[in-house]
Amino acid sequence: MEKIVRQSLLYDFYGELLTEHQKQIYEDVVMNDLSYSEIARECGISRQGVYDMMKRSDKILEEYEAKLRLVEKFVNAREEMSAIKADIDALQSRNRDDNLDGLITEIGNKTARLIEQF
């Protein structure tokens, strides 16, 4: 998984467990794509301080993930739902004239909505 995507997911799941200062810096780096120098200037700390805060915050978030595995479960569930949706789409294309078409369509729509929620 790409680093920035993983950081975003970790923050989505566990970000509220960081301090306000950690959250501000983490959001600026990951979500707002600011450089360490820009953040250091804005916060009145050194560039090394921003780097250290990011390392510490990444470690904290990874430790939560190691214990709770919420991101792993989320990614696996999303992949499974995508696979189900693909199977339903394939089944629907083979059964256009069948009376199951309405049910298959409804299941496909529900699955698509679930995928979008994640």
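Quick note: structure is the one above.
Note that this is a predicted model, so its numbers are computed, not measured. (Residues numbered from 1 in each chain as written. Predicted model: local features only at pLDDT ≥ 70, side-chain atom pairs only at ≥ 80, totals over all residues. Heavy atoms only, no water.)

S.K.: Just checking my understanding: could you explain helix 1 (residues 3–14) for this structure?
M.R.: Since the α-helix advances by 3.6 residues per turn, residues separated by three or four positions end up pointing in the same direction. Helix length check: helix 1, at twelve residues, gives a terminal C-alpha distance of 16 Å against a target of 16 Å (1.5 Å per residue), a fit within 8%. Along helix 1, the residues that are buried comprise Gln 7, Leu 9, Leu 10, Tyr 11 and Tyr 14. In this fold, the buried residues of helix 1 make contact with helix 2 (20–31), helix 4 (47–68) and helix 5 (70–94). (Helix = DSSP H or I, 4+ residues; strand = E, 2+ residues; numbered from the N terminus. Expected span 1.5 Å × (residues − 1). Buried < 20%, exposed > 50% of the residue type's maximum accessible area, 1.4 Å probe, protein only. Contact = heavy atoms within 4.5 Å.)

S.K.: So what exactly am I meant to see when it comes to the environment of Glu 20 here?
M.R.: As for its position among the elements, Glu 20 is in helix 2. Accessibility expressed as a relative area gives 58% for Glu 20, which makes it exposed. Once the C-alpha coordinates of Glu 20 and Lys 110 are considered, the two residues, 90 residues apart in sequence, prove to be 37 Å apart. A distance of 2.9 Å separates the side chain of Glu 20 from the side chain of Lys 23, its partner in a polar contact. (Polar contact = N/O pair within 3.5 Å; in protein donor to acceptor, adjacent residues only side chain to side chain.)

S.K.: Hey, could you run me through the packing of aromatic side chains in this one?
M.R.: When we look at a pair of aromatic rings, we describe it by the centre distance and by the angle of the planes. Evaluated as defined, the whole model comprises five aromatic pairs. Where Tyr 11 meets Tyr 26, the ring centres are 5.6 Å apart and the plane angle is 15 degrees; that geometry is what we call stacked. Taken as a pair, Tyr 11 in helix 1 and Tyr 26 in helix 2 lie far apart in primary sequence, 15 residues in all. Using a relative accessible area of 0% as the deciding quantity, one classes Tyr 26 as buried. Aromatic ring contacts, followed pair by pair, group Phe 13, Tyr 14, Tyr 64 and Phe 74 into a single cluster. (Phe/Tyr/Trp six-rings, centres within 6.5 Å; stacked < 30°, edge-to-face > 60°.)

S.K.: Looking at this structure, I do not really get the pattern of salt bridges. What am I missing?
M.R.: A pair can form between side chains of opposite charge whenever their charged atoms are brought close. Scanning all chains against the criterion turns up five salt bridges. Between Lys 59 and Glu 63 there is a salt bridge, with the nearest N and O atoms lying 3.8 Å from each other. Highlighted residues: Lys 59 and Glu 63, both in helix 4, separated by four residues, approximately one helical turn. Judged by relative accessible area, Lys 59 falls into the exposed class, the value being 54%. Because the salt bridges share partners, they merge into one network encompassing Glu 16, Glu 20 and Lys 23. (Salt bridge = Lys/Arg side-chain N within 4 Å of Asp/Glu carboxyl O.)

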